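Structural features, examined
Read off the chains here:
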Amino acid sequence: MNIKNKPLPKFEVPASYEKYAEGGYLMDMRESEPDSFAAHKPAVSSAAGAQLDPAAELTPAAIAQGAEPADYELPDYELPDEPTFTDRVNAVVMCIGSQNALREALYKTLAFCEQPRDFTEVEDFIAATDEFVYSHIMQTPFAMIGMLTDAGGLSQTPLDEAGNPVTAEQLANLTADEADDLVATYRIEATDAGREAVRLLAPERRIEAQLSLRPHRRDTYFAVLDFCSTPRKFPEIEAFFKATPGLSQDIVADHHKLSPDFFVDKLDKAGALVWRGAWVATDAGKQMLEAHKRQTANAR
């Protein structure tokens, strides 16, 4: 049952969570830390020999203009033994954001495990999420726990039949069969990096970030949320758009007008809408909507 020894699905990691979330905000870490390799970028010089900004990257455009790495000797340094806190949080955030279909279920699992949980309890929780029930997630709860564990968001502690932790020293002198007999289950709990990822990716933060990205679309997002206070099929949302004047229908790339599915998709990714056989506002979405209504009423 040790999930560390089980093959888990690979997943693609986005360049940054900001691109995935389109939230327009920085992940404001509580502790400002450099990444593990920030101090080792080579300097860049032009073909004429002029030294450029040491922090500049050797981009294709710079190469086309004759830039090349300056002559330098590789510094004597060792790779860091341990990733920084920021590195670890980034790994968890990217794990959650790397697959659209798993995003909310992974986030909910991590938040659920801020309190210590039994392994089976976590599996049952995942199997009961809206995403797992209605969206036909292909991964098993076991595999999803493994993804978060491998990313550093969850820790696992082996327990015996009495619920006592089994130490590495105890397991060291046992055969594989004896170890399997001794370990009855695992305690699963969010790590410090996992807890920080829960804070950073809270639906309230993602919703506000999405609303603030294009302020002129804010009222349209809230109109869709309000309409979806009652579960709505997509044809109903389309009809609502056609019948409601004043909703934002921007003209974007290639002269395409933004359609209702754009707003539904963004609210879904922000954690404001969820699919339960129809689109319906989440608790976080409803809270944001009520706050918006109060603010609007007070402004009158």
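The structure presented is a predicted model; accordingly, all values stated were derived computationally and were not measured.

Next up on the list: the sheet that holds strand β4 (residues 154–159). The sheet built from three strands is open, its strands ordered β3-β5-β4 with antiparallel pairing. The two strands at the open ends of the sheet, each matched to only one other strand, are β3 (117–118) and β4. As paired strands, β4 and strand β5 (residues 185–190) are joined by six bridges and run antiparallel to one another. Bridge assignment links P158 to a residue of β5, and that residue is Y186.

Counted by the stated rule, this structure contains 13 salt bridges. Here E131 makes a salt bridge to K108, at a shortest N to O gap of 3.0 Å. Pair noted here: E131 is in helix α6 (residues 130–134) and K108 is in helix α4 (residues 103–112), with a separation of 23 residues, a long-range link. Of the residues examined, E131 reaches a relative accessible area of 8% and is grouped as buried. By relative accessible area, K108 is classed as partly exposed at 25%. Linking K269 and D265 is a salt bridge whose minimum nitrogen-to-oxygen distance equals 3.7 Å. You can see K269 and its partner D265 sitting in helix α14 (residues 260–270), four residues apart, about one turn around the helix. Residue K269 is classed as partly exposed on the basis of its relative accessible area of 24%.

Judged from the two bridges that link them, β3 and β5 form a sheet pairing that is antiparallel. Directly across from R117, in β5, lies its bridge partner I188.

This part covers the confidence of the model for the protein. Overall, the prediction assigns the protein a mean pLDDT of 80, with 71% of residues at 70 or greater. Taken element by element, the protein is modelled with least confidence in helix α1 (residues 17–21), mean pLDDT 37, and with most confidence in β3, mean pLDDT 98. The low-confidence segment residues 3–52, where pLDDT is below 50, has 110 contacts with residues more than four positions distant or belonging to other chains.

Quick look at the packing of helix α11 (residues 203–213) against helix α15 (residues 283–299) now. Following both chains from N to C, one finds α11 and α15 inclined at 55°, their axes separated by 9 Å at the closest point. Overall, the two elements α11 and α15 adopt an arrangement that is oblique. For the crossing formed where α11 meets α15, the hand is right-handed. Residues P203, E204, I207, E208 and L211 of α11 touch α15, and the partners they reach there are A284, G285, Q287 and M288. Within the contact of α11 with α15, the residues separate by chemical class into five nonpolar, two polar and two charged.

Next up on the list: the environment of D118. Relative to the helices and strands, D118 resides in strand β3. Given a relative accessible area of 28%, D118 falls into the partly exposed group. Sequence separation of D118 and I188 is 70 residues, and the distance between their C-alpha atoms is 6.0 Å. In this view, D118 contacts T185 and Y186; residues no more than four positions away in its chain are not counted. Within the local environment of D118, its side chain forms a polar contact with the side chain of T185, the two groups lying 2.8 Å apart.

What counts as what
Residues numbered from 1 in each chain as written. Predicted model: local features only at pLDDT ≥ 70, side-chain atom pairs only at ≥ 80, totals over all residues. Heavy atoms only, no water. Pairing = 2+ DSSP bridges. Helix = DSSP H or I, 4+ residues; strand = E, 2+ residues; numbered from the N terminus. Salt bridge = Lys/Arg side-chain N within 4 Å of Asp/Glu carboxyl O. Buried < 20%, exposed > 50% of the residue type's maximum accessible area, 1.4 Å probe, protein only. pLDDT = per-residue confidence, 0-100. Contact = heavy atoms within 4.5 Å. Axes fitted to C-alpha atoms, helices over the stretch in contact; angles between N-to-C directions. Parallel < 35°, antiparallel > 145°, perpendicular 65-115°, else oblique. Left-handed = near helix turned anticlockwise from the far one by under 90°. Nonpolar A, V, L, I, M, F, W, Y, C, P; charged D, E, K, R; others polar. Polar contact = N/O pair within 3.5 Å; in protein donor to acceptor, adjacent residues only side chain to side chain.

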